[in-house]
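Structural characterization, general
Spelled out, the chains give:
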Amino acid sequence: FHPESLVLLRTAAPELQSRLASLHRLSPEYGQQLGSHLPMALAALDAMGASPNQLDRFANGYRASHTLTPQRDEGRRLRDWPALLGSFDFHADLRQSLAQQLRQQGRPLLLTQALPLLLESPGAAAFHGLIRTAHALESGVDAELVEALAYWGSRWLPLPETPAAAPEIGDPALWLDRLDAVQRHDAPTWQSDAPLIAQRMQTAARGRAWRRWRARPRRAICAAATSRCCTWSPGCARPPCWTRSSR
C-alpha cells in the first residue's frame, strides 16, 4: 500500500474540520454495539453544502438521541498496537498508541503500517470503521483519523479464508454477482438471526457461496463492499476516497 496513491475527491470545509476536532472523542458506539454515524453524517452534510448552524443542529440532536458520551479512558501507549486488533476492551489503548505513532512517524508511514492490516477486515463494524477512516482522511483532521483507525481496529474481525484451490476472481462486481447467484440457488430463503451486520457476514462466510471463489486481490472485497455500502447513506453515493489501483 502506498499512501500517495490515495485520491481525495473533495476538501472538507473549515467548519466541518473544527466540529470534527471537537467531537472526535465521543463514544464510537451506542446501544448494543451500534456504530455512531455522527462524523460520517457531518461529512455528508458538509458535502451537500450545509451551513454551520445546520451542522450544529444535527450534531446536537444526534448526540442527544443516541446518547453519545465523552470517552474518559485515556489509554496506554503500546508499541505492539497490532496485538490489540479485534478487542474493543482495548479501544482506548489502541487509540492512544495510534496517536503516538502519528506524532512520531507522520500520516504516510502510519497509513502504510495500519491500512494493510485493517484491510484484512474491511467489514469490521459493518464497514463503518473503513468508511469513517475514508471520511477522516478527506477531512484532514488527524484526531478524527486516529479515532477512525482505532474504531476500525478495535472491531477488526476478518472473514474466514477461502480454500486455496478455489478459483480466483479479480473483478469485484463479478465476484459479488457469483456469490449472490450461488446463495440464491442453494438457499434462496436463507437469513441470519444475528443482531449485527458484522455477525451476519461471519455466518454467511461459513456457507458454500463464500468457499466457492476467492476474490483477487483481497482488497477487491473492500472496494466492492464500500462502493455498495456508501450508496445506503443519503448524501454519500460513492466512497469518499479510494486508491488509483486495487493492486
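Shown above is the structure to which this text applies.
These figures come from a predicted structure and were not determined experimentally.

Section: the nonpolar core
- Counting 38 residues, the largest nonpolar core has Leu94, Leu98, Leu149, Trp152 and Trp175 as its most contacted members.
- Secondary structure elements with two or more residues in this core: helix H4 (91-105), helix H5 (107-118), helix H6 (128-139), helix H7 (142-154), helix H8 (172-186) and helix H10 (208-212).
- Of all the elements, H7 adds the most residues to this core, at 6 residues.
- Look past the residues within four positions of Leu149 in its chain and what remains in contact with it is Leu98, Leu110, Leu115, Leu118 and Thr133.
- If you look at the next biggest cluster of nonpolar residues, it comprises 14 residues, including Ala12, Leu23, Leu42 and Ala43.

Side note on the packing of helix H1 (residues 14-23) against helix H3 (residues 52-65)
- Viewed as axis vectors pointing N to C, H1 and H3 meet at an angle of 25°, and their least axial separation amounts to 10 Å. Relative to H3, the element H1 is oriented roughly parallel. Classified by chirality, the crossing of H3 by H1 is right-handed. Seen from H1, the contacting residues are Glu15, Leu16, Arg19 and Leu23; seen from H3, they are Pro52, Leu55, Asp56, Ala59 and Arg63.
- Its residues assigned to classes, the contact of H1 with H3 comprises 5 nonpolar, no polar and 4 charged.

Some points on H7
- In a regular helix each residue adds 1.5 Å, so 13 residues correspond to 18 Å; H7 covers 18 Å between its end C-alpha atoms and thus fits that length.
- Burial analysis of H7 places 11 of its 13 residues in the buried class, which makes it a mostly covered element.
- Within the span of H7, buried status applies to Glu144, Leu145, Val146, Glu147, Ala148, Leu149, Ala150, Tyr151, Trp152, Gly153 and Ser154.

Remarks on the pattern of salt bridges
- Overall, the coordinates contain 11 salt bridges when judged by the stated rule.
- Close ionic contact of Glu147 with Arg25 constitutes a salt bridge, the shortest N to O distance being 3.8 Å. With Glu147 in helix H7 and Arg25 in the loop between H1 and strand E2 (29-30), the pair connects residues that are 122 residues apart, well separated along the chain.
- Given a relative accessible area of 24%, Arg25 falls into the partly exposed group.
- Residue Arg132 pairs with Glu144 through a salt bridge whose shortest N-O separation is 2.7 Å. Of this pair, Arg132 sits in helix H6 while Glu144 sits in helix H7, and the two are 12 residues apart along the sequence.
- Note on Arg132: relative accessible area 4%, which makes it buried.

Section: H5
- Given a rise of 1.5 Å per residue, 12 residues ought to cover 16 Å, and the 15 Å separating the end C-alpha atoms of H5 matches this to within 8%.
- Of the residues making up H5, those classed as buried are Leu110, Leu111, Ala114, Leu115 and Leu118. Seen along its axis, H5 keeps its buried residues to an arc of 105°; they face one direction.

Focus on the side chain of Ser192
- As for its position among the elements, Ser192 is in the loop between H8 and helix H9 (197-204).
- Residue Ser192 is classed as buried on the basis of its relative accessible area of 18%.
- At 3.1 Å, the side chain of Ser192 forms a polar contact with the backbone nitrogen of Ala194.
- Beyond its immediate sequence surroundings of up to four residues, Ser192 is in contact with Arg200 and Thr203.

Thresholds, definitions, all that
Residues numbered from 1 in each chain as written. Predicted model: local features only at pLDDT ≥ 70, side-chain atom pairs only at ≥ 80, totals over all residues. Heavy atoms only, no water. Core = buried A, V, L, I, M, F, W, Y, C linked by side-chain atoms within 4.5 Å. Buried < 20%, exposed > 50% of the residue type's maximum accessible area, 1.4 Å probe, protein only. Helix = DSSP H or I, 4+ residues; strand = E, 2+ residues; numbered from the N terminus. Contact = heavy atoms within 4.5 Å. Axes fitted to C-alpha atoms, helices over the stretch in contact; angles between N-to-C directions. Parallel < 35°, antiparallel > 145°, perpendicular 65-115°, else oblique. Left-handed = near helix turned anticlockwise from the far one by under 90°. Nonpolar A, V, L, I, M, F, W, Y, C, P; charged D, E, K, R; others polar. Expected span 1.5 Å × (residues − 1). Salt bridge = Lys/Arg side-chain N within 4 Å of Asp/Glu carboxyl O. Arc of directions from axis to C-beta. Polar contact = N/O pair within 3.5 Å; in protein donor to acceptor, adjacent residues only side chain to side chain.

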